[in-house]
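# Residue-level structural notes
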Amino acid sequence: MIIAFSKDYLDVVLVPGGLLIIFVYHLILLHRYLNQPLTTVMGYENRDKKTWVDRAGDKTEVQSALTVITSNITAATYLSTFSLTICSLIGTWIASSSASRFVPNEIIYGNTKPTIISIKFICLITSFLLAFSFFVQAARHFVHANYLISTPGPVAHLRNKVEAAVTRGGEFWSIGLRALYMALSLLLWFFGPIPMIVSSVFMVIILYYHDFKKLDDDQKDW
């Protein structure tokens with residue numbers, strides 16, 4: 001009886017724990033990004049984008065700058081389309097009778113009630129919808145930067161606006177990728193709460209080595 005109780009309520013303990021680990025990590029990352037941007041990869045990339053915008057303001061470099069922006073728009077559009085397509089497929093699957101048999105109950109060590117299965121699908125769809133929204137916003141900012149860069153005549157007064165548009169587009173792009181990473185952990189939840197929390201821990205470890213960087217001496221005065 002104790003084993004059955006533990007198995008049924010394993011999702012209540014491990015799944016919120018995994019989500020909490022991811023949430024706390026991104027709160028720490030946000031704090032570092034706002035206060036010590038050059039200790040994060042996103043802040044370091046923003047510095048590189050500022051240098052790129054300074055070069056893009058030169059009329060001789062406009063064409064190459066537009067090519068770079070267009071490639072970013074294409075990538076953001078592709079990922080937004082991918083996210084929306086996955087949402088549509090999941091929604092269609094839920095409407096069919098085969099949705100509840102996504103993973104055999106025999107191999108899931110956790111709660112297999114229909115209510116929990118429905119919550120899993122809702123969380124997964126929500127994650128993909130958030131990714132879609134963020135990638136659309138990224139594409140919108142990149143398109144705006146495209147217009148600013150291609151403005152005829154001197155564009156020195158638009159340089160700050162171009163920098164802001166490119167930076168915001170990159171931020172939405174990064175958040176959209178985080179939503180896809182979250183979807184991966186939620187997808188593993190279908191195999192039980194233990195794979196979900198293990199994937200969350202490994203994802204945070206991998207992201208830590210990707211997101212944070214040591215502040216070098218030549219960056220402290222930037």
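Residues numbered from 1 in each chain as written. Predicted model: local features only at pLDDT ≥ 70, side-chain atom pairs only at ≥ 80, totals over all residues. Heavy atoms only, no water.

Per an unreviewed UniProt entry, the recorded name for the protein is DUF599 domain-containing protein, and the organism is Trema orientale.

## Quick notes on the overall build of the protein
Helix and strand counts for the protein stand at 7 helices and 0 strands. In the protein, the succession of helices and strands from N to C terminus is α-α-α-α-α-α-α. Across the 222 residues in the protein, those meeting the buried criterion constitute 38%. Per element, the accessible surface of the protein, about 13000 Å² overall, is 68% carbon and sulfur. (Helix = DSSP H or I, 4+ residues; strand = E, 2+ residues; numbered from the N terminus. Buried < 20%, exposed > 50% of the residue type's maximum accessible area, 1.4 Å probe, protein only. Areas by Shrake-Rupley, 256 points an atom, 1.4 Å probe, with all protein chains shown as cover.)

## As for the UniProt feature "transmembrane region" (unreviewed entry) in the protein
Here, UniProt's "transmembrane region" (unreviewed entry) annotation points to residues 12-34, 75-95, 116-136 and 186-209. In this annotation, residues 12-34 is assigned 100% helix and 0% strand; the end-to-end C-alpha distance for the span is 33 Å. Between the C-alpha atoms that bound residues 186-209 there is a distance of 22 Å. The span itself is 88% helix and 0% strand. (UniProt positions renumbered as here; feature names shortened; annotations may be inferred.)

## Here we look at the packing of helix H6 (residues 159-189) against helix H7 (residues 193-211)
Any two packed helices are characterised by how steeply their axes cross, that is the angle between the axes, and by the distance between the axes. Remark: H6 packs on H7, axes separated minimally by 7 Å, with the N-to-C direction vectors making an angle of 155 degrees. On the basis of the axis angle, H6 is roughly antiparallel to H7. For the pair H6 and H7, the crossing hand works out as right-handed. In contact with Arg-178, Tyr-181, Met-182, Ser-185, Leu-186, Leu-188 and Trp-189 of H6, H7 contributes Pro-193, Pro-195, Met-196, Ser-199, Ser-200, Met-203, Leu-207, His-210 and Asp-211. Across the contact of H6 with H7, the residue classes tally to 10 nonpolar, 4 polar and 2 charged. (Axes fitted to C-alpha atoms, helices over the stretch in contact; angles between N-to-C directions. Parallel < 35°, antiparallel > 145°, perpendicular 65-115°, else oblique. Left-handed = near helix turned anticlockwise from the far one by under 90°. Contact = heavy atoms within 4.5 Å. Nonpolar A, V, L, I, M, F, W, Y, C, P; charged D, E, K, R; others polar.)

## Overview of helix H2 (residues 10-35)
Between the first and last C-alpha of H2 there are 38 Å, a value that for 26 residues agrees with the 38 Å anticipated at 1.5 Å per step. Taken together, the buried positions of H2 are Leu-10, Asp-11, Leu-14, Val-15, Gly-18, Ile-22, Tyr-25, Leu-29 and Tyr-33. (Expected span 1.5 Å × (residues − 1).)

## Points about the packing of helix H5 (residues 114-149) against H6
Remark: H5 packs on H6, axes separated minimally by 8 Å, with the N-to-C direction vectors making an angle of 165 degrees. The orientation of H5 with respect to H6, classified from their angle, is roughly antiparallel. Here H5 runs over H6; the crossing is left-handed. Taken together, the residues that form the contact of H5 with H6 break down as 28 nonpolar, 7 polar and 3 charged.

## Observations concerning the nonpolar core
Judged by nonpolar contacts, the single largest core of 19 residues is most densely connected at Ile-90, Leu-124, Phe-128 and Trp-189. Those elements that place two or more of their residues in this core are helix H4 (62-95), H5 and H6. For this core, the element with the most residues is H5, which contributes 8 residues. Contacts of Leu-124, omitting those with residues within four sequence positions, involve Ile-90, Ala-183, Leu-186, Leu-187 and Phe-190. Grouped together as the second largest cluster of nonpolar side chains are 17 residues, Ala-76, Leu-148, Ile-149 and Val-166 included. (Core = buried A, V, L, I, M, F, W, Y, C linked by side-chain atoms within 4.5 Å.)

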